[in-house]
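Given next are the chains, with one letter for each unit.
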Amino acid sequence: MGAISLGDLAEQIAIWEDTPTYEQYERILTGLHHTHLPKLVAAGVVCYDVEAESIELLEIADQMLPHLQLVAPTDLQ
């Protein structure tokens, strides 16, 4: 699995939320960095390199994909 930059992830989430404004991007970026990514790291789902601002899914994420597809909007599948 490849890594994605924090900025690219925040931008994509803003697009999925239909609010791709700079303010929304910054809000998402802050929430990812301070809340969501630390929880995903603690759960062993992602590896987050704070200095490089890159996120990589770990192998366990493959096991979670079927569950996520049940609750995700169709454009995420």
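Residues numbered from 1 in each chain as written. Predicted model: local features only at pLDDT ≥ 70, side-chain atom pairs only at ≥ 80, totals over all residues. Heavy atoms only, no water.

Trainee: Would you mind going over the pairing of strand 3 (residues 54-57) in detail, with residue names and values included?
Mentor: As paired strands, strand 1 (residues 3-5) and strand 3 are joined by three bridges and run antiparallel to one another. Note on strand 3: the bridge partner recorded for I4 is I55. Pairing analysis gives four bridges linking strand 2 (residues 46-49) to strand 3, with the strands arranged antiparallel. Looking at the pairing, D49 lines up with S54 of strand 3. (Pairing = 2+ DSSP bridges. Helix = DSSP H or I, 4+ residues; strand = E, 2+ residues; numbered from the N terminus.)

Trainee: Tell me about the nonpolar core, and name the residues and values.
Mentor: With 14 residues, the main nonpolar core has L6, I28, L32, L37 and I55 as its most contacted residues. No other element matches helix 1 (residues 6-16), which puts five residues into this core. In this structure, L6 is in contact with L29, L32, H33, L37, Y48, E53 and I55, ignoring residues within four places of it in sequence. (Core = buried A, V, L, I, M, F, W, Y, C linked by side-chain atoms within 4.5 Å. Buried < 20%, exposed > 50% of the residue type's maximum accessible area, 1.4 Å probe, protein only. Contact = heavy atoms within 4.5 Å.)

Trainee: Outline the sheet that holds strand 2, supporting the account with residue identities and numerical values.
Mentor: Pairing is antiparallel in the open sheet, where three strands are placed in the order 1-3-2. Both edges of this open sheet fall to strand 1 and strand 2, since each of them pairs with a single strand only. This sheet shows a mean twist of 25° between the axes of neighbouring strands, independent of strand direction. Contacting strand 1, strand 2 and strand 3, helix 1 crosses the sheet at an angle of about 75° to strand 1. (Axes fitted to C-alpha atoms, helices over the stretch in contact; angles between N-to-C directions.)

Trainee: How would you sum up the pattern of salt bridges? Please name residues and give values.
Mentor: Throughout the structure, instances matching the rule amount to one salt bridge. The residue R27 makes a salt bridge to E17 at a minimum N-O spacing of 3.4 Å. A residue pair is termed long-range when its members are at least 10 positions apart, and R27 in helix 2 (residues 22-42) and E17 in the loop between helix 1 and helix 2 qualify at 10 residues. (Salt bridge = Lys/Arg side-chain N within 4 Å of Asp/Glu carboxyl O.)

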